[in-house]
Amino acid sequence: AGSAFAQSAGSIVVYGGAAQISPHVESGDLTTPSLPGTKVDVKKASSFVGGITYYWTDNISIDLPISLPFKHDVVGAGAIEGVGKLGTVKSLPATLLAQYRFGEANSTIRPFVGAGLTYGYFYKPRATALLSGITGGTPSNPTTLSMKSRMGATLELGTAVNGTKDWSASLSFTKTFIKTTGSLSTGQTVETTLDPVSIKFGVGYRF
């Protein structure tokens, strides 16, 4: 009976849904010249997400999430908290997870845990006029922003529900341990720990 369900050995499940990424930011100080204690914060963002899960056994699976980009606001913190939005940056996390699922393949509810790696790709940074103004930029030579892409470890905790033999749904929480370096065209840099928590909901179908 176990082989008749979506979450059984040899199954390939394609899913789609939505996710929200909430960075838990610890910012260093922007290097000189700047006010002492000048820091940044990165706000949460949501996007559509899908992916493919392959069930190696009834209990062990490999998950490859695939998402549309997340767009985060970068705002002032520390000595410049409350000044407003300094810029935006898009993130496209590339994650591969090994998962262990508890219970039998035909169980209605199956908790699972996972671990893997995430490559945080940051692109299309956009600085605001505010950032340019507080760092000495001008309309003819505005300050620009960049953010380094980095690799980090990811842990996962979730629950899946078997609806029918082919349909299932899941809710999961992941924590990724990742840092980045923000750089300005003025030569200033800021080291930032992001360590985001992600909440993901998806509905899957077995092929």
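Note: the structure precedes this text.
Residues numbered from 1 in each chain as written. Predicted model: local features only at pLDDT ≥ 70, side-chain atom pairs only at ≥ 80, totals over all residues. Heavy atoms only, no water.

Peer 1: Describe the side chain of T143, with residues and values.
Peer 2: Of note, T143 is situated in the loop between α1 (129-134) and β9 (145-147). Only 2.7 Å separates the side chain of T143 from the side chain of T135, close enough to count as a polar contact. With residues near it in sequence (within four places) discarded, T143 still touches A127, L131, S132, T135, G137, L184, S185 and T186. (Helix = DSSP H or I, 4+ residues; strand = E, 2+ residues; numbered from the N terminus. Polar contact = N/O pair within 3.5 Å; in protein donor to acceptor, adjacent residues only side chain to side chain. Contact = heavy atoms within 4.5 Å.)

Peer 1: Which residues make up the sheet that holds strand β13 (residues 189-193), and what values do they have?
Peer 2: Across the sheet, 4 strands lie side by side as β2-β13-β12-β9; this open sheet has antiparallel pairing. Whereas interior strands pair on both sides, the edge strands pair on one side only; in this sheet they are β2 (26-27) and β9. In this sheet, β13 lies alongside strand β12 (residues 179-184) in antiparallel orientation, the contact comprising 5 bridges. Along β13, the bridge assignment pairs T180 with T192. (Pairing = 2+ DSSP bridges.)

Peer 1: Mind laying out the side chain of R101, listing which residues take part and the relevant values?
Peer 2: By secondary structure assignment, the location of R101 is in strand β7 (residues 85-101). Of the side chains bearing the opposite charge, D63 lies closest to the buried R101, which forms no salt bridge; the N-O distance is 5.9 Å. In terms of polar contacts, R101 uses its side chain to reach the side chain of Y55, at 3.5 Å. When residues no more than four places from it in sequence are discounted, the contact partners of R101 are Q7, T53, Y55, N59, S61, R110, P111, F112 and A160. (Buried < 20%, exposed > 50% of the residue type's maximum accessible area, 1.4 Å probe, protein only. Lys, Arg positive; Asp, Glu negative; His and termini not counted. Salt bridge = Lys/Arg side-chain N within 4 Å of Asp/Glu carboxyl O.)

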